[in-house]
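Examination of the molecular architecture
As a plain string of letters, each chain reads:
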Amino acid sequence: MPPTAPSGSDAVEQTLLFTDVVDSTQTVERLGDALARQLWTEHDQRARALLIRHRGREVERTDGFFLLFDATSNAARFALEYHAALAAFELQARVGIHVGPVTLRDNPTEAMALGAKPVEVEGLAKPFAARVMALARSGQTLLSASACRALVASTVAGAEIQSHGHYRLKGIEDPVEIFELGLRDRGGFAPPPDTEKSYRVVRSGELWRPVREVSHNLPAERDAFVGRATELHALARRVDEGARLLTVLGPGGTGKTRFVVRYGRVWLGDWPGGVHFCDLSEAKSMDGVLSAVAIGLGVPLGKGDAVVQIGHAIAGRGRCLIVFDNFEQVVEHAASTIGRWLDRAVDSVFIVTSRERMHLPGEEVFGVEPLPLDTEAIELFVVRARAQRPSFALTHSNRAAVAEVVRLLDGLPLAIELAAARVVALSPGQLVERMRDRFGLLAGMRGATARQATLRAAIDWSWDLLTPWEQGALAQCSVFEGGFTLLASEAVLDLTSWPGAPSTVDAIQALVDKSLLRARVGSERHRFDIEEPRFGMYVSIHEYARERLNEQRETQTRHGRFFAGYGTDGAIELLWHHGGIRRRRALELELDNLVAACRRAIVRRDAEVAVAAYRAAWEVLDLRGPFALGIDLGSDVHALVEVADPSLLAAAQVARAMASRRAGRMEEAGIWLENALVLSQQLGDRTLEGMVRLNLGALHSEQGRGLDETQAQLEAALSVLRQVGNRRAEGTTLATLSNLYFQHGRMQESQAHDEAALAIHREVGDRRFEGSVLGNLGMQYFEQGHPDEARAHVMAALEIAREVGDRRSEGIGHGSLALLLASQERIDEAMSHYTQALSIAREVGHRRHEGYVLGNLGQLLGVQRRDDEEAIRLLQGALSIHREVTDQRSEGIVLGYLGDLRAQQGQIGEAREAMASAEALLREVGDALELAKIRCMRGRVEFDAGDHDLAAAALADAERLARETGADSASALYREIASLREMQTRPIGRVVN
């Protein structure tokens, strides 16, 4: 299909017509300037008269015209009459017509005074129309398919349209159908001739082949080619743009040969001099290269210089494509062969497949990546599996297993094909189970070449081409998990065992050049802008290299010590001060390495490295989860350090307690923090004591402990942290106190503490906790009845959470925003944000917030959507979680929601019971604000039930509590009180038994 995308959003459909007078330059030379000027004047007058008659618009005038028409039929009539008019001047022209969207931009008067055209036409339709015109013979009018369709409904009298089939036009991805417009009585329709930039093609199976004969020796495709359409077009564009030496680069198993052969077949007509495939897989020397290339070209070699002979042979074929397949083992001969032929055969293009680049002047690298895991990799597995077992189908029950198979194989085509061949004996699920023995499992089928018969053989081929120091470097790189930086490699790799080995940076570059390491900027999993390159291996190469690592313990020890450096007090503190965002993003990319370093240190009984790596890992897990990993890893670390240095034990206990708290295992978190508090006091470590007290206070606040007990713990933490000068932790403590006061209805104190905390976090540059405090302030504004301020603060908090990569806070932000939207009855938007909040809470394992979202979502469905059944299910799920994590405050709130819903259903007894339980819990934890809201609900229930005395008592209670909290008169609480007070004036309602 031709390109039709407009270049601007205000594009309009237009009929574009290009004309070109044939041999105009020769006409001027023949007539001379004076007569030629007269001729062109008469020509332009006649053409413009036709243009007026057929309601066209002139855009440009050079050797021909560029015209626009609103009606395609008018453009067609113009073209036919224009050809007839040119006959009077003994001239011929070619014309092309296309219909497509363009953007019209009028030039200002001052620009036109300087020679600018009245209107600029922009859009892909313009160059496409010009290509159609350039294809035409003298006297022809050619139409694109869209122009032909436009004329079908509006025929031109006396005219005929005939298809000339499909043409491949340079720069256009897919072949396009070309039509000719002419007069019936004149006949003479003839296909446009092939040119360097366009040629006629016909369908042959799933491919388009050129009508003209093009010699080639491309290997036959023995099975279906899957995917790679985007890469094929990208390679074609690189050639069209002038690349003459392209190295298609990738490790063994990525399908480089199939890819290049496919390109040669699809674009065969681009190469009138032929496509010549030269298989160098058996070449080991200069003579081997020359022999393989001579065979591929069909050139007998004489006694002279073979390089010169082959160069002459290639040059003599004009525009041709030479494919050199599997050049990696003879790359040292690239300059003396390909380098010389490139200079000699200037019309030729060379494509090389290799696992290592050539390092030749003019070389361009085209990397072949694995197949996309969620689309083409699965498709390849299914196609190849069906070839082995025709009944195989991708189903709902096996899709997840197939997806896991291709993921474990990194999307490498060879590995996928070998795995798919096993479906005769194994289901996709069984394949996943056996992936640990992938080298034994992925044995190829009979008939495959030796180096691709198994996955191991394919990697062996690359390994055997490495120098000893390259082998050593690759083996040591296998100690990394999830990739690594150059700095990490310089700390971990030791190449001193190999005399003459280069620096680590040169070793890494050599492995990248040989496609055994992948270089990436940033992260494939997260949207972080990290400029420092990271290196990694495909899983299969990683496992192979790990098997080759001889000094595993020594390498793992160096690895552990390097990554333990991220878990020192100083390193962690730097994460949360000015400029720390980039450090945190970089640290997140190291999570796999941190976990590996920790686990290996546990095995080695290296407590110092284990604790430091665990602390650093927790900094990442606290942002993005899963919190369960923090608990599991912390258990193993704690078992190691129980008899170790008390300071290490205390640090491990604090991190483990944080993980337990985030996951809702509150009792467990309390035990670890109490133990850590004792140790910190024994050690005399005031900073640690302050941090432990801060975490204990936060834990007690979340558990709904008494105000006095929790406040005392946090005030003690604040005193210690101020003494040691830890401003960041001081700000966090103030924010935690604010939460405590908020829960107990002390709104003014809460806001004052949050504002003080916000100032400190901005002072030290702690963006994460700045966002957290902004979110808390937003909810305070919400409770006070100031929705605009609330939304501004919550949106700012959500933006910061995304900026710093804090998934836990991002989920909280979505939940807060949903609550605001629900209060404004923007229900669909609220539901969307609740859904996102719930997804994030479950993703990171934040059980407490999961319960909070379920409760609010259930309340929303029950009140706004009246979906009682689903609302009750969600509310009961929330209750279960709140009880699990011992969050009595949230349990009380949800019981209130449940009671309100039961009242709406007319179940007054159940409503009273739920609300009574809610009131008891909220009184116990001292949450006056939420208790006042429940009392308002209770008042409505009692009023509807006919008990006006109880309703009045509930109203009085709610008013008293509202005064205690200092709630604003515009707040949601006062609106509920006003609503209940207004009910007192209504007639007595029904009595429900």
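Each remark here, short or long, concerns the structure printed above.
One structure accompanies this document, and this report is about it.

Calculation notes
- Residues numbered from 1 in each chain as written.
- Predicted model: local features only at pLDDT ≥ 70, side-chain atom pairs only at ≥ 80, totals over all residues.
- Heavy atoms only, no water.
- Axes fitted to C-alpha atoms, helices over the stretch in contact; angles between N-to-C directions.
- Helix = DSSP H or I, 4+ residues; strand = E, 2+ residues; numbered from the N terminus.
- Parallel < 35°, antiparallel > 145°, perpendicular 65-115°, else oblique.
- Left-handed = near helix turned anticlockwise from the far one by under 90°.
- Contact = heavy atoms within 4.5 Å.
- Nonpolar A, V, L, I, M, F, W, Y, C, P; charged D, E, K, R; others polar.
- Expected span 1.5 Å × (residues − 1).
- Buried < 20%, exposed > 50% of the residue type's maximum accessible area, 1.4 Å probe, protein only.
- Polar contact = N/O pair within 3.5 Å; in protein donor to acceptor, adjacent residues only side chain to side chain.
- Pairing = 2+ DSSP bridges.

As for the packing of helix α39 (residues 868-884) against helix α40 (residues 888-904)
- Viewed as axis vectors pointing N to C, α39 and α40 meet at an angle of 160°, and their least axial separation amounts to 9 Å. Relative to α40, α39 is oriented roughly antiparallel. Like other packed secondary-structure pairs, α39 and α40 cross with a definite hand, here left-handed. Here D868, A871, I872, L875, Q876, A878, L879, H882 and R883 of α39 lie close against α40, whose contacting residues are S890, E891, V894, L895, Y897, L898, L901 and R902.
- For the contact of α39 with α40, the per-class residue count stands at 10 nonpolar, three polar and four charged.

A few points about helix α30 (residues 686-703)
- Helix length check: α30 (18 residues) gives 25 Å between terminal C-alpha atoms against 26 Å at 1.5 Å per residue, within 8%.
- With 15 of its 18 residues buried, α30 lies for the most part within the structure.
- Between the side-chain oxygen of the N-cap and the backbone nitrogen of T687 there are 3.3 Å, and the N-cap of α30 in question is D685.
- Downstream of α30 by a residue or two, G704 has a phi angle that is positive, lying close to 80°.

Digging into the sheet that holds strand β13 (residues 321-325)
- Read from one edge to the other, the open sheet built from five strands follows the order β12-β13-β14-β11-β15, with strand pairing classed as parallel. Of all strands in the sheet, those with a lone pairing partner are β12 (275-279) and β15 (363-367), marking the two edges. When strand polarity is set aside, the average angle formed by the axes of neighbouring strands in this sheet is 20°.
- Helix α7 (residues 229-240) contacts β11 (245-249), β14 (349-354) and β15 of the sheet and is inclined by roughly 170° relative to β15.
- Across the sheet, helix α9 (residues 286-297) is in contact with β12 and β13; its angle to β12 comes to roughly 150°.

A word on the pairing of strand β3 (residues 65-69)
- Burial analysis of β3 places five of its five residues in the buried class, which makes it a mostly covered element.
- Burial along β3 is two-sided: the face carrying F65, L67 and F69 and the face carrying F66 and L68 are both buried.
- In terms of strand pairing, strand β1 (residues 12-21) meets β3 through four bridges, oriented antiparallel. Counterpart to L17 in the pairing with β3 is L67.
- The hairpin formed by strand β2 (residues 56-61) and β3 contains three residues between the paired strands.

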